Amino acid sequence: MQNSSNQLNNTLFLLSAIYFLWLIAVLIIFGYTPTNDGVGYIEYAVFCLNQGQPYPSDTIFKVIPFIWNVGIINLVELSLWLTKSIWPVLLLMCLMKSLICLMTALITKKIFCEHISIITIILFICYPNNWGQSTMISSEIPSTLLILISIWLAINHRQLFVSGLILGLANWFRPTAAIFLFSIFIYFILFNKQIWPEGTPRYIENHEQMDCFDFERIWRQRSIDWLKKNPIKYLSKIPGKLYYMYKSDYDNLTVFLKDKSLHKNNYITIPIKNFYTKFSSMNNIQWMALASLLIYFIIILMATLVLVMHGEPRFKDPFMPFIFILSAVGIYHIIKSK
């Protein structure tokens, strides 16, 4: 039994290594893909580097309304300081994305079985939208990887203290990791029984004299007060948020665009509403996005998952490994029944 487990682990490591080489090839062939967030990370990194301070610098606190994803900006700043290039970060993104693939499979093996872990890793590797994300400066990749490592340490090695530290580090890259504290707690219960337009809520009068800590305090109190008065209204927004989060998943395919020089234009649109009249004029990237969308729908069909979060397609990135796992479970049972 131990030999079989070791052989499976070796297979998972090998497939992840092949996936890493594939991501490197995609990066080299198609190059860096600028995004709105990525360009912002670089701008803040350069600003702080010129001040000789890590992000957020003393000046940053005074000139912006909120502190952004601290971990990824400091990672970019470190790369620029050491090499004057963002390419080390992109190579690290490729490595991290391949490790996400591996950790997803290892967690699947722990919770379910070896066969489902193989299906999961194959789904993850073959999914087209997983090929382009590592050509971008992404806070989601390091955050998701650290979340998975934290979960792995908790469920497989019971290293709860270290798991918590790593989850905190994940939150440093993207402040959504705390959601998984509840998931880890539920796991142990089940398996062990143990910028501001005036007139909007964001607007703050005399905000020019305030720093980010003032903004956070005011916005938090406003949010709490609003939730107390409008619980039904908040709950009514959940279906819409879920729809916009899960309606598509081909945003990373912009890696294959011929011209990526303007980050504001790095989007793909599919003429779904006018498909019958415009399909003949669709380009190769749009057809690839359509194929990816169909695969995505099949994967979602295989999994049942309801999550509450602010609605943007990329915001579901930390949950995608678990969608692949649930989809693999569905596929396994279909195969087994036949």
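The residue numbering used here restarts from 1 in each chain and proceeds along that chain's sequence as written. Note on the predicted model: pLDDT of at least 70 is required for a residue's local features to be given, and 80 or more for side-chain atom pairs to be given and counted; whole-chain, interface and lining totals, by contrast, use all residues. Based on all heavy atoms of the structure, the side-chain values leave hydrogens and waters out of the count.

J.: Any chance you could explain the overall build of the protein chain here in plain terms?
T.: Scanning the protein chain from N- to C-terminus turns up 14 helices and 0 strands. The linear arrangement of helices and strands in the protein chain, starting from the amino end, is α-α-α-α-α-α-α-α-α-α-α-α-α-α. This radius of gyration counts C-alpha atoms alone. The globule rule is 2.2 Å times how many residues there are, raised to the power 0.38. For 338 residues, the compact-globule estimate of 2.2 N^0.38 gives 20 Å, and the C-alpha radius of gyration of the protein chain, at 21 Å, lies within 12% of that figure. With the C-alpha coordinates aligned to their principal axes, the bounding extent of the protein chain is approximately 65 × 55 × 50 Å. Exposure classes here rest on a 1.4 Å probe applied to the protein chains alone. A residue is buried below 20% of its type maximum, exposed above 50%, and partly exposed in between. Per-residue burial for the protein chain yields a buried fraction of 47% across its 338 residues. Accessibility throughout is a Shrake-Rupley quantity obtained with a 1.4 Å probe, and a residue counts as covered only by protein chains that appear here. Carbon and sulfur atoms make up 66% of the accessible area of the protein chain, which amounts to about 18600 Å² in all. Looking at the protein chain, you have 27 positive and 18 negative side-chain charges, and the mean spots of the two groups are 11 Å apart. Counting from the N terminus, the helices are the DSSP runs of H or I reaching at least four residues and the strands are the DSSP runs of E reaching at least two. His residues and chain termini do not enter the charge count, which takes Lys and Arg as positive and Asp and Glu as negative. Charged side chains are reduced to one point each, which is NZ for Lys, CZ for Arg, CG for Asp and CD for Glu.

J.: What's the story with the nonpolar core in this structure? I'm lost.
T.: Here, nonpolar core means buried Ala, Val, Leu, Ile, Met, Phe, Trp, Tyr and Cys residues that are tied together by side-chain atoms lying within 4.5 Å of each other. If you look at the biggest cluster of nonpolar residues, it comprises 89 residues, and the most contacted ones within it are I72, I137 and I151. Tallying contributions element by element places helix α5 (residues 87-111) first for this core, with 12 residues. By definition in these notes, contact holds between two residues if any of their heavy atoms fall within 4.5 Å. Dropping the residues within four chain positions of it, I72 is found in contact with Y41, M93, I137, S138, S139, P142 and F173.

J.: Whenever I open this one, helix α4 (residues 70-83) confuses me. Can you help?
T.: Every α-helix carries 3.6 residues per turn, so stepping three or four residues along brings you back to the same face. With 14 residues, α4 should cover 20 Å at 1.5 Å per step; its first-to-last C-alpha distance of 20 Å lies within 8% of that length. By the criterion of burial, α4 is predominantly enclosed, with 10 of the 14 residues buried. Every buried residue of α4 is listed here: V70, G71, I72, I73, N74, L75, V76, E77, S79 and L80. The elements touched by buried residues of α4 are α2 (36-51), α5, α7 (140-157) and α8 (160-173). Phi turns positive, to about 60°, at K84, one or two residues after α4. Multiplying one less than the number of residues by 1.5 Å gives the expected span of a helix.

J.: Even after reading the chapter, I still don't get the environment of L290, so can you show me in this structure?
T.: As for its placement among the helices and strands, L290 is situated in helix α13 (residues 284-302). In sequence terms L290 and I300 are 10 residues apart; their C-alpha atoms lie 15 Å from each other.

J.: Help me out: how do you make sense of the packing of aromatic side chains in this one?
T.: To describe a pair of aromatic rings, one takes the distance between the centres and the angle between the planes. Between the rings of Phe, Tyr and Trp (Trp by its six-membered ring), a pair exists once the centres lie within 6.5 Å; its type follows the angle of the planes, with under 30 degrees stacked, over 60 edge-to-face, and the other angles tilted. All told, the structure shown has 13 aromatic pairs when counted by the stated rule. Judged by centre distance (5.6 Å) and plane angle (80°), the rings of W172 and F173 are edge-to-face. The exposure class assigned to W172 is partly exposed, which follows from its relative accessible area of 39%. Judged by relative accessible area, which is 8%, F173 ranks as buried. Among the aromatic residues, ring-to-ring pairing joins Y19, F124, Y127 and F324 into one connected group.

J.: Which parts of the structure should I look at to understand the packing of helix α6 (residues 114-126) against helix α14 (residues 320-337)?
T.: When two helices pack together, their arrangement is given by the angle between the helix axes and the distance between those axes. For the pair α6 and α14, interaxial distance at closest approach is 8 Å and the crossing angle is 120°. Considering the angle they form, α6 stands oblique to α14. Like other packed secondary-structure pairs, α6 and α14 cross with a definite hand, here right-handed. Within the contact between the two elements, α6 uses H115, I116, I119, T120, L123 and F124 and α14 uses F324, I325, S327, A328, V329, I331 and Y332. Here the nonpolar group is Ala, Val, Leu, Ile, Met, Phe, Trp, Tyr, Cys and Pro; Asp, Glu, Lys and Arg are the charged ones; every other residue, Gly included, is treated as polar. When its residues are assigned to classes, the contact of α6 with α14 shows 10 nonpolar, 3 polar and no charged. For every element, the axis is a line fit to its C-alpha atoms; helices are fit only across the contacting stretch, and the angle between N-to-C directions ranges from 0 to 180 degrees. Any angle that is under 35 degrees is reported as roughly parallel, and any over 145 degrees as roughly antiparallel; angles of 65 to 115 degrees are reported as roughly perpendicular and all others as oblique. Each crossing gets its handedness from the near helix: less than a right angle anticlockwise from the far helix is left-handed, clockwise is right-handed.

J.: What is the right way to look at the environment of N6 in this model?
T.: Structurally, the position occupied by N6 is in helix α1 (residues 2-30). With a relative accessible area of 33%, N6 lands in the partly exposed category. Sequence separation between N6 and L165 is 159 residues; the distance between their C-alpha atoms is 28 Å.

J.: Looking at this structure, I do not really get unusual backbone geometry. What am I missing?
T.: Glycine aside, a negative phi is what most residues show, and trans is what most peptide bonds show. Across the junction of Y55 and P56, the peptide omega takes the value -5°, indicating a cis bond. With respect to the helices and strands, the residue P56 is situated in the loop between α2 and α3 (58-63).

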